[in-house]
Structures are given as C-alpha cells and as structure tokens.
Amino acid sequence: MAFAIASALAFSAVHAAPAAKASASTPRAENAFLSQEDAAARSARVSNVDYALEFTLTGQPTFSGVTTATFDLTDNAQPLTIDLDKATVKSVSVNGKKVETKYNNWFVTIAAADLAKGRNTVVIAYERLHSTNGEGLHRMVDPVDGRVYTYSHFEPAAAHQMFAVFDQPDLKATYQVTATAPADWHVVSTTRETRIEEAGTAKRWIFPKSKKLSPYNFSLHAGPYKVWEDKSGKYPMRLFARQSVAAQVTPEDWFRYTKDGLAFFDNYFGIPYQFEKYDQLLVPDFLYGAMENAGAITFAEGGFLHKAKMTDAQRQSLASVIMHEMAHQWFGDLVTMQWWNGLWLNESFASFMGTLATAEATEFKDAWQHFYSTGKQAAYVQDQKSNTHPIEVPVPSTANAFDNIDAITYSKGASTLIQLRHLLGAEVFRKGVHNYLTKYSYQNARLDDFIGSLGEAAGRDLSGWTKQWLYEPGVNTIAANFTCSSGKIKSFALQQTAPSKALPTLREQRVQVATFKVEGGKFTQLQNVPVTYAGANTRVPALVGSACPDMVYPNYQDWGFVKVQLDKRSFETARASLAGVEDPLLRTMLWQSLWDGVRDGKLPLNEFIKTALANAPLEKDYTLLGDVLGKVGMAKYYLDAMGLHSGWAQQTRADLETMAWNGVLANKGNDNFQRRWFTTYIGLASTPAALERLAGMLGGTVKVEGLDLNQDLRWTIVARLNRYDHAGAAALVEQEAQRDKSDSGQAAALAATVVRPDPQVKAEWLATVENLKTELPFSKIRTAMGSLYPAEQNALAEQTAAARLAKLPAIDKAAGPVYMRSYANTLIPASCTPASVKRLTQAADSMKDLSAGTRRSLLDVQQEDQRCVTIKQAMTAPK
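The sections below set out a description of the structure shown in this document. (Residues numbered from 1 in each chain as written. Predicted model: local features only at pLDDT ≥ 70, side-chain atom pairs only at ≥ 80, totals over all residues. Heavy atoms only, no water.)

A short note on the pattern of salt bridges
Consideration 1: Applying the stated criterion across every chain, the model contains 49 salt bridges.
Consideration 2: Note that Asp-50 is salt-bridged to Arg-119, the shortest N-O span being 2.7 Å. With a gap of 69 residues between them, Asp-50 in strand S1 (residues 46-56) and Arg-119 in strand S7 (residues 118-129) connect regions that are remote in the sequence.
Consideration 3: The class of Asp-50 is partly exposed, set by a relative accessible area of 21%.
Consideration 4: Linking Lys-636 and Asp-640 is a salt bridge whose minimum nitrogen-to-oxygen distance equals 2.7 Å. Of this pair, Lys-636 and Asp-640 both sit in helix H15 (residues 622-641), four residues apart, which is roughly one turn of the helix. (Salt bridge = Lys/Arg side-chain N within 4 Å of Asp/Glu carboxyl O. Helix = DSSP H or I, 4+ residues; strand = E, 2+ residues; numbered from the N terminus. Buried < 20%, exposed > 50% of the residue type's maximum accessible area, 1.4 Å probe, protein only.)

Topic: the environment of Tyr-225
Consideration 1: Among the secondary structure elements, Tyr-225 is positioned in the loop between strand S14 (220-223) and strand S15 (226-230).
Consideration 2: For Tyr-225, a relative accessible area of 2% gives the class buried.
Consideration 3: Taking the C-alpha atoms as reference points, Tyr-225 and Asp-38, separated by 187 residues in sequence, lie 40 Å from one another.
Consideration 4: Polar side-chain contacts of Tyr-225 include one of 2.9 Å to the backbone oxygen of Thr-150. (Polar contact = N/O pair within 3.5 Å; in protein donor to acceptor, adjacent residues only side chain to side chain.)

Remarks on the sheet that holds strand S10 (residues 173-182)
Consideration 1: Spatially, the eight strands line up as an open sheet ordered S5-S4-S7-S2-S1-S10-S13-S12, and their pairing is mixed. For this open sheet the edge positions go to strand S5 (97-99) and strand S12 (195-199), each flanked by a neighbour on one side alone. Within the sheet, the average angular offset between the axes of one strand and its neighbour, ignoring direction, is 20°.
Consideration 2: Relative to S7, strand S2 (residues 62-73) runs antiparallel, the two being bridged by twelve bridges. Bridge pairing in S7 links Thr-67 to Ile-124.
Consideration 3: Strands in contact with helix H2 (residues 36-45) are S1 and S2; relative to S1, the strand with the most contacts, it is inclined by about 100°. (Pairing = 2+ DSSP bridges. Axes fitted to C-alpha atoms, helices over the stretch in contact; angles between N-to-C directions. Contact = heavy atoms within 4.5 Å.)

As for unusual backbone geometry
Consideration 1: With an omega of 10°, the peptide bond between Glu-155 and Pro-156 qualifies as cis.
Consideration 2: Tracing the backbone through its elements, the reader meets Pro-156 in the loop between strand S9 (148-153) and S10.
Consideration 3: Residues other than glycine seldom take positive phi values, yet Ser-486 does so here, at roughly 55°.
Consideration 4: Of note, Ser-486 is situated in the loop between strand S22 (477-485) and strand S23 (488-497).
Consideration 5: Of the residues examined, Ser-486 reaches a relative accessible area of 76% and is grouped as exposed.
Consideration 6: A positive phi angle, close to 60°, is found at Asp-558, a residue other than glycine.
Consideration 7: Within the secondary structure layout, Asp-558 lies in the loop between strand S27 (551-553) and strand S28 (563-564).

Describing the environment of Tyr-442
Consideration 1: By the element assignment, Tyr-442 lies in the loop between helix H9 (426-439) and strand S21 (443-445).
Consideration 2: With near-sequence residues (within four places) excluded, Tyr-442 lies in contact with Lys-172, Lys-211, Lys-212, Gln-274 and Leu-334.
Consideration 3: At a separation of 3.5 Å, a polar atom in the side chain of Tyr-442 contacts the side chain of Lys-211.

Quick notes on the sheet that holds strand S26 (residues 537-539)
Consideration 1: A sheet is described by the order of its strands in space; here four strands give the open sequence S26-S23-S22-S28, paired in mixed fashion. With partners counted over all chains shown, the strands left at the sheet margins are S26 and S28, one partner each.
Consideration 2: Sheet topology note: the S23/S26 ladder contains three bridges and is antiparallel. Note that in S26 the partner of Leu-494 across the bridge is Thr-538.

Observations regarding the environment of Thr-362
Consideration 1: Secondary-structure assignment places Thr-362 in the loop between helix H6 (343-361) and helix H7 (367-383).
Consideration 2: Those residues within four positions of Thr-362 in sequence are excluded, and the remaining contacts are Tyr-257, Ala-319, Met-323 and Ala-357.
Consideration 3: At 3.1 Å, the side chain of Thr-362 and the backbone nitrogen of Phe-364 are in polar contact.

Quick notes on the packing of helix H25 (residues 817-827) against helix H27 (residues 852-874)
Consideration 1: Viewed as axis vectors pointing N to C, H25 and H27 meet at an angle of 15°, and their least axial separation amounts to 9 Å. Viewed along their axes, H25 and H27 adopt a mutual orientation that is roughly parallel. As H25 packs across H27, the resulting crossing turns out to be right-handed. Listed contacts from H27 to Met-820, Ala-824 and Asn-825 of H25 are Thr-854, Ser-857 and Val-861.
Consideration 2: A class-by-class count of the residues in the contact of H25 with H27 yields three nonpolar, three polar and no charged. (Parallel < 35°, antiparallel > 145°, perpendicular 65-115°, else oblique. Left-handed = near helix turned anticlockwise from the far one by under 90°. Nonpolar A, V, L, I, M, F, W, Y, C, P; charged D, E, K, R; others polar.)

Let's talk about the packing of aromatic side chains
Centre-to-centre distance and the angle between the planes together describe a pair of aromatic rings.
Consideration 1: Counted by the stated rule, this structure contains 52 aromatic pairs.
Consideration 2: Relative to Tyr-268, the ring of Phe-264 lies with its centre 6.0 Å away and its plane at 20°, an arrangement referred to as stacked. Separated by four residues within a single helix, Phe-264 and Tyr-268 lie in helix H3 (residues 251-269), roughly one turn from each other.
Consideration 3: Judged by its relative accessible area of 13%, Phe-264 is buried.
Consideration 4: The buried category is assigned to Tyr-268, whose relative accessible area is 9%.
Consideration 5: Note that Arg-256 overlies the ring of Tyr-257, its terminal NZ or CZ placed 4.5 Å from the centroid.
Consideration 6: Arg-693 extends its terminal NZ or CZ atom over the ring of Trp-661, reaching a point 4.2 Å from the ring centre. (Phe/Tyr/Trp six-rings, centres within 6.5 Å; stacked < 30°, edge-to-face > 60°. Lys NZ or Arg CZ within 6 Å of the ring centre and 35° of its normal.)

As for the side chain of Asp-621
Consideration 1: Relative to the helices and strands, Asp-621 resides in the loop between helix H14 (605-615) and H15.
Consideration 2: It turns out Asp-621 is buried and unbridged, and the closest side chain with the opposite charge, Arg-587, is 5.0 Å from it.
Consideration 3: Within the local environment of Asp-621, its side chain forms a polar contact with the side chain of Gln-369, the two groups lying 3.1 Å apart.
Consideration 4: Of note is the side chain of Asp-621, whose polar atom sits 3.3 Å from the backbone nitrogen of Thr-623.
Consideration 5: With near-sequence residues (within four places) excluded, Asp-621 lies in contact with Gln-369, Pro-584, Arg-587 and Phe-673. (Lys, Arg positive; Asp, Glu negative; His and termini not counted.)

Some details on the state of the cysteines
Consideration 1: Under the defined criterion, the tally for this structure stands at two disulfides.
Consideration 2: Each disulfide pairs two cysteine sulfurs, and for Cys-484 the partner residue is Cys-548, the sulfurs being separated by 2.0 Å. Of note, the bridge from Cys-484 to Cys-548 carries an S-S torsion of about 90° and is right-handed in sense. Taken together, the residues span a long stretch of sequence, with Cys-484 in strand S22 and Cys-548 in the loop between S26 and S27 at a distance of 64 residues.
Consideration 3: The partner cysteine of Cys-832 in its disulfide is Cys-868, sulfur to sulfur 2.1 Å. Sign of the S-S torsion, about -95° for the bond between Cys-832 and Cys-868, identifies this disulfide as left-handed. Within this pair, whereas Cys-832 is found in the loop between H25 and helix H26 (834-846), its partner Cys-868 is found in helix H27, the two being separated by 36 residues in sequence. No difference in accessibility class separates Cys-832 from Cys-868, as the two residues are buried.
Consideration 4: Counting only the cysteines that form disulfides, in the order they appear in the chain, gives the pairing 1-2, 3-4. (Disulfide = S-S within 2.5 Å.)

A few points about the packing of helix H18 (residues 688-699) against helix H19 (residues 711-723)
Consideration 1: Across the interface, H18 lies against H19 with an axial gap of 10 Å and an inter-helix angle of 140°. Between H18 and H19, the angle is such that the two are oblique. Considering how the two elements wind past one another, H18 and H19 form a crossing that is left-handed. Where H18 abuts H19, its residues Leu-691, Leu-694, Ala-695 and Leu-698 lie against Arg-714, Ile-717, Val-718, Arg-720 and Leu-721.
Consideration 2: Residues that form the contact of H18 with H19 fall into these classes: seven nonpolar, no polar and two charged.

Here we look at the nonpolar core
Consideration 1: In terms of nonpolar packing, the biggest core is built from 148 residues, with Phe-55, Ile-124, Phe-163, Phe-265, Trp-330, Met-353 and Phe-450 touching the most fellow members.
Consideration 2: If you tally residues by element for this core, the top one is H6, at ten residues.
Consideration 3: Sequence-distant contacts of Phe-55, defined by excluding residues within four places in its chain, comprise Phe-63, Ser-64, Gly-65, Tyr-126, Met-162, Phe-163, Val-177, Thr-178, Ala-179, Thr-180 and Leu-220.
Consideration 4: Of all hydrophobic cores here, the second largest spans 77 residues; its members include Tyr-556, Leu-625, Ala-641 and Val-704. (Core = buried A, V, L, I, M, F, W, Y, C linked by side-chain atoms within 4.5 Å.)

Okay, here's the thing in structure tokens:
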C-alpha cells in the first residue's frame with residue numbers, strides 16, 4: 001500500500017519449540033486476545049456456523065445488536081466461548097433458554113450444561129460504544145455538515161468489537177443481516193439488500209444470507225453516503241463517499257479500473273468473481289490503505305480524495321490499490337488462511353497480482369518499475385536489518401497478528417512469487433493458482449496447500465525452495481566476477497554471499513545477466529543471458545568469449561529478489577553515465593545501486609547529491625523522476641538529521657532548492673512533471689529565500705504559470721512555513737482553517753501547529769499524545785505523533801528524549817497494538833549521534849519485556865540511527 005514494517009522476540013519464536021497441542025479442556029486465558037491454541041481447540045469442536053445479525057444504528061455514540069449464532073458442536077463436555085469486546089450484554093439464551101450471563105468484557109462463556117452435542121443456537125443481545133480508533137464499527141461526525149458516518153474494519157481480529165462471533169479465520173460462516181438506520185442513510189454489506197422497510201422514522205434494511213466468509217472478511221457500513229452506480233460491466237458496481245467530499249471523487253476512474261480489473265482476474269484465475277456486486281467505499285479516519293471486505297471494499301479517504309485534477313502518479317496509485325484489493329476477493333476471501341501466520345500469503349499474492357493486473361489491464365505499463373522502486377526497496381531495507389524475520393513466522397495469538405505485517409510480508413513475499421513464476425513458467429504458475437483456488441474455494445488453506453498446488457502443476461518438489469525463501473530470513477547479495485583478455489570475457493561467474501554468519505542461507509533463483517558497452521556516452525547492450533544460480537559460485541559459460549563490457553548488471557529486468565553489488569568498473573560507469581541509459585528500469589536500478597552505496601557507507605552522501613544535481617533535471621521518465629526526487633528528499637533528511645550547518649551544507653540545501661524550483665519553471669504546460677517538481681520544492685524548502693517564496697505564493701504575490709495552488713498544496717505550504725517558524729506562519733494556520741473547515745483541514749491545521757519549533761507546543765501535545773484516556777479521536781492523536789519531532793528539530797526532541805525512552809515500557813504495557821504501532825514508529829528518540837545510538841542500544845538491552853511489535857520498532861530505530869551515523873562518517877564534504 002501507498003501508506004502502506006519483526007522484533008527479536010518474533011525472530012526467536014521462529015526457532016522455538018512448537019507449542020503443545022491445545023486441549024478443549026484447557027480454560028481459555030482471561031485476556032483480550034485469542035491464542036492460536038485456544039482457536040484450534042474451538043475450531044476442533046465448532047463447525048457449520050451461521051450468523052443472523054441485527055443492528056440498530058441511530059447515529060449516536062452507541063449502537064445495539066443481537067447475534068444469533070447457529071452451529072454444530074462435537075461435544076458438550078466443556079464450556080464454549082464467543083468473542084465480544086467491551087459491550088454491555090443485555091441477555092444470553094442458548095437453545096431457546098435464557099441463561100446466566102458470564103462475560104468478562106472480552107468473551108461470553110456458555111456453560112457446558114447449556115450446550116448440546118450437535119446443532120446449537122446462541123442468542124446474545126448487547127449494546128456497545130462505536131469505536132473511534134478505526135477498528136470495529138467506527139463512527140465519525142463530519143465537521144462540515146454534522147452528518148454521521150459509520151464503517152466496519154475487522155482485520156486482523158476485530159469483528160468482535162462489533163458483534164458476538166467466533167473471531168478466528170478458520171471458522172467461516174454465513175451472515176444474514178438486518179440493520180435499522182436513520183431514514184437518509186445507506187447500509188452496505190457483503191450482499192445487496194433484498195428490501196428496505198419503513199421502521200417509524202427509520203428504515204430497516206434486510207440482506208440475504210451471504211456466502212461463507214471468515215469473520216474479518218465480512219463487513220457492514222452505514223451513513224448518508226453519496227452513491228454512484230455503474231452497470232456497464234459484468235458485475236454491478238457502486239462507489240460511496242461522504243457528501244462533503246463527493247466533489248473530490250472521480251467515479252469514472254474508479255469504475256474504469258474496477259471494470260477492467262474484474263475482467264482481467266476472471267480471465268487469469270479462470271474462476272468468476274464470486275460476490276455478485278462490487279461496492280467500494282471511501283471512509284474517514286481509516287487505519288490502513290484499504291481493506292478487502294468481500295463485495296464491499298473500504299479505502300482510506302486520505303489517499304484517494306483530490307482537490308485538483310489527479311496526476312498520473314495519483315491515478316496509478318488508485319489503480320494499483322483497486323487491483324490489490326480485488327485480487328484478495330479470490331486470494332484471501334474465497335480461499336482464506338487457516339490462522340494469522342498465513343496472512344503474509346494473502347498480502348504477498350495480492351501485491352504480486354495487483355501489480356500484474358495494473359501492468360496488463362491499465363495504462364500503467366511500468367507498474368513493475370514502480371514496484372521495484374517502492375515496495376521492493378522497502379523490503380530490501382527491512383530484510384537487511386538485524387531483526388529481520390522470515391516471510392512466514394509463528395503468530396502465537398491475535399495480539400501478534402500484525403507484528404510482522406511489513407514490507408517483507410507484502411513486497412518480499414510478492415518478489416518470491418515473481419521469482420517462482422520465472423522458475424516454473426508463467427502458464428504453469430497460473431495453472432497452479434487456478435487449481436488451488438478451485439480446490440479450496442470457501443475453505444481455509446495452509447501454505448503447504450498452495451505450494452503443493454504449484455508443485456503439482458509443475459511436476460516438481462518445491463519443499464527446498466519453500467525452506468530457502470519462506471522460512472529463512474535475510475537478503476543475499478550477488479556480484480559478477482569476470483576477467484577479460486584481448487577484449488573478450490575470459491571467465492565469468494556469479495558470486496552469491498549470505499548477509500551474515502547468523503543468516504547463512506544461499507538461495508536458488510533465476511535471473512538475467514546483461515553486459516553493456518558505453519560509446520559516446522550511450523549504453524549498448526551486448527549480451528543478456530538467463531541464469532539459474534545456486535550456492536556461492538555459479539559459472540556462466542554463455543558469456544565467455546563475448547565482448548568485455550564496461551558494465552555488468554546481474555539482475556537485469558529485476559527477476560530476482562537479491563541485492564546487487566556492482567563491480568568497481570560497473571559502479572563507476574553507472575555513476576558517470578546515468579543519462580546515457582535508455583532503459584528506464586535499468587536506469588532505476590542503477591540509481592538504486594548508487595543509493596545503496598550511500599546507505600552502506602561506501603558512497604559519500606555528498607557525492608550522491610552531486611550526481612543527483614547533475615542528473616535529476618535530465619530525467620524524462622515520470623515514474624523514475626519520482627523515485628530520484630524521493631532519494632533527493634532522503635538526502636536532505638540525512639543532512640538535517642545530522643545537524644549539519646557548515647558552509648557546504650547550507651549551500652547544498654540552497655542548490656537542491658534551486659534545482660527543484662528550476663524544475664517547476666521548466667515544466668510549465670506539463671502538469672504531471674510540474675506538480676512533481678513543486679511538491680519536491682516544498683519538501684526541500686528551508687532557507688529564508690525559499691520560505692519567503694512559498695509565503696508569497698500563498699499570499700498571491702508570487703505566481704507560477706500553469707501551477708494551480710489547490711487547497712492540499714496550500715496546507716502543505718502552511719505546514720512548511722510553520723515547521724521553520726517563518727514570520728507570520730502561526731497566523732496562517734487560523735486563516736487557512738477558515739477557508740477549509742473539513743476534517744482534512746482540521747487535521748492539516750493540527751499538523752501545522754504541532755510541527756512548530758515551540759517547546760511549549762511540543763510539551764502540551766506530547767502530554768496529550770501520552771494521555772491514554774484522552775477523548776480525542778485516534779486519527780488526531782496519530783496526526784500529532786507524526787508531526788512532533790521532524791529531523792531538523794533534534795535539539796527540541798532531545799529535551800524529552802530520555803523521558804520518552806524511559807516511559808516506553810509503561811506506555812507499551814498500558815496501550816493497545818493500534819496505538820503502539822503509531823507511537824513506537826514516531827516517538828522513539830534518535831538523533832544521529834554516537835550518544836543516541838548508545839542510548840538506544842542500552843534501552844534495547846534492558847527492555848526485554850516490550851511487546852514484540854514495540855521491541856521490533858526499538859531495534860529498527862537503533863539500527864537506522866547507527867546507519868545515519870555511518871553515512872555521516874563516510875562523508876567527504878565539510879561537516
């Protein structure tokens with residue numbers, strides 16, 4: 001996803017002894033989470049589940065519901081639990097008899113004496129607060145018009161925050177919904193309603209029984225949404241958004257990509273889309289990028305509402321996320337993992353198929369190039385960390401379900417599937433996928449089932465491949481080792497190395513090795529040879545006798561998941577002749593090799609910036625320009641994090657601003673390029689001259705031909721001016737808030753306020769963020785977290801750094817996973833100094849009892865802080 005990262009504890013769990021098999025007689029742990037053992041014990045007893053769900057929604061902060069769960073039970077020798085979180089239970093009846101309510105705020109326990117062997121019916125009536133943190137049944141009041149909107153979100157295991165349910169993926173069930181809601185509301189669920197009845201001043205929506213789904217794939221959303229419909233395709237499509245933001249939606253783009261995607265997947269999988277209608281909803285305060293609820297997909301508004309014409313990059317993001325979630329309708333919804341340790345396969349497959357569909361069913365033919373420079377690079381970074389993890393890891397309980405949902409889960413997993421497709425052949429791979437989906441439709445499956453289907457289609461044992469790629473962490477490095485004589489290659493081999501002694505695995509994969517000559521500043525390809533390599537050294541006889549190259553790239557066209565180490569001659573060739581590489585993907589990969597050199601401390605940051613200043617303005621590939629400018633932004637981040645204020649550093653900041661501003665002026669008439677350069681300019685602006693120019697644009701005294709200063713850009717400028725305490729910036733926040741009273745405007749105003757380099761503001765908002773009883777919606781807390789301490793405000797951050805780190809264990813213990821994922825990723829202090837690295841190392845050594853996700857974040861911050869110090873030490877410019 002575009003918004004779109006495990007700890008040492010999680011890693012050690014991989015090598016731990018298997019947990020004892022659960023016993024149905026073992027009492028369930030009294031806490032908010034469901035262990036894998038307890039889930040297995042329950043699914044061993046329960047089957048053939050059907051839910052009848054009644055909801056009464058009024059728009060007020062609470063809602064009421066009645067769950068009628070009907071199921072088969074193998075025995076009535078032991079009690080049975082049904083999950084329901086933080087509700088007020090009104091009554092419980094079992095098989096027609098009202099029983100005593102035994103409820104601990106997390107689950108209802110049904111006594112063994114009240115159960116029957118065979119078919120049972122349990123009815124639970126309850127009331128509950130709507131959530132405001134994005135899970136369960138979330139409620140939001142639109143500040144523009146006062147309308148109330150609700151939507152559900154259940155992944156990984158939050159369905160029981162809305163209704164009583166066996167909240168585990170391997171207890172698939174049908175869902176029959178009746179919902180009473182205000183008369184002007186729409187109610188959306190997995191199925192399309194059969195009828196709507198008058199119910200006094202409200203309306204009652206009746207839905208037919210759904211197909212079998214895991215609880216997290218079911219959903220219900222309700223509110224006075226704006227609705228668009230399109231029936232031009234094979235399946236009826238609808239799109240929903242809040243009334244106040246409807247003008248920012250381009251339904252024709254949504255329907256076009258959706259229609260093309262459904263046709264593509266129907267054909268590729270050889271199985272028609274199963275959920276009859278295709279609804280998509282833009283919802284506020286969403287925690288993630290999007291969610292694949294069967295037949296009713298939700299999308300985070302923040303990524304898909306635009307107050308100006310969409311750029312090509314924004315349209316590509318829309319298309320790729322639509323395709324990703326659509327792939328889940330087959331892989332995840334139709335066939336679902338048995339437990340949360342298999343969630344990676346859902347996400348990896350959707351990332352792979354979403355990119356394939358974007359490349360083949362839309363205008364974005366460079367989707368794989370975009371995947372390489374975004375998701376895949378994030379996976380390489382994650383997989384080189386000391387606390388990396390295998391693609392598949394144990395998940396002891398629902399508390400750990402998202403501990404390892406990161407770039408390895410999404411992008412390394414997707415890359416292994418790409419590699420497997422190359423290894424087996426595209427058609428054999430497709431056939432294996434079809435067979436898997438056919439065999440396990442409406443069921444739960446495990447990794448062995450998926451790999452078995454592919455292996456059977458290929459006539460090959462894939463157990464060795466599975467062990468190497470899915471159960472062993474780390475990214476290998478390959479390098480070309482060759483000699484030349486009389487202008488010809490005399491010997492050529494690929495050398496593979498493991499990342500460390502602790503991660504010694506050498507893998508088999510298929511790549512392409514390409515050789516190039518540079519003549520007159522232009523690259524000419526000499527050879528391109530497919531090679532399946534394994535072990536430490538693989539000879540490539542097909543290249544022997546060919547012309548001695550100026551550059552060798554041993555993963556041409558990005559078939560493999562592997563870090564490329566260019567030989568010295570190839571590295572210097574790439575650095576000197578970037579503009580002469582015509583192939584955009586190869587050019588992208590060479591830029592990445594240079595940036596890898598920076599991150600590894602082998603290429604001085606100042607030398608990279610020099611290369612970028614010379615070459616970025618020449619870049620004519622829109623996707624690659626975005627990648628290069630992103631690296632330029634990271635270079636500026638490192639300058640700020642290092643606290644560099646030498647004459648060279650100040651001049652470099654000004655040179656980067658000048659480069660970006662010239663890009664803005666040079667691209668008038670080309671909206672995509674001009675907006676890309678201007679967004680970069682705002683992100684680089686820090687000198688008085690650049691800030692004054694931005695203030696002039698906001699005030700109308702500085703104009704740029706062709707550039708529309710829409711509301712989103714205005715807020716971005718306001719935030720930048722406040723971040724650097726430009727004269728009059730604080731007053732601009734209130735002025736802009738009067739122009740834009742939307743919830744996104746409120747969030748932007750909050751961010752612009754919190755980011756100010758004001759010690760009092762920092763103290764007040766840090767106290768608010770760390771107050772776990774605050775009544776502010778979590779969306780605002782999360783915005784404040786991300787705005788408190790930007791890189792150049794290290795001096796301010798240091799004032800509270802020691803205290804924040806000392807409080808980390810207590811906050812981690814008191815707060816939930818949703819809160820900690822944001823807190824730990826933004827507020828663990830790091831200042832790119834040896835002292836900061838030492839402080840983090842000491843914390844990591846002493847804070848062994850942190851939750852797995854928080855400990856992992858701590859280790860991530862420590863390693864990235866050390867990397868920043870290494871990059872600083874490698875610089876050859878004056879510091």
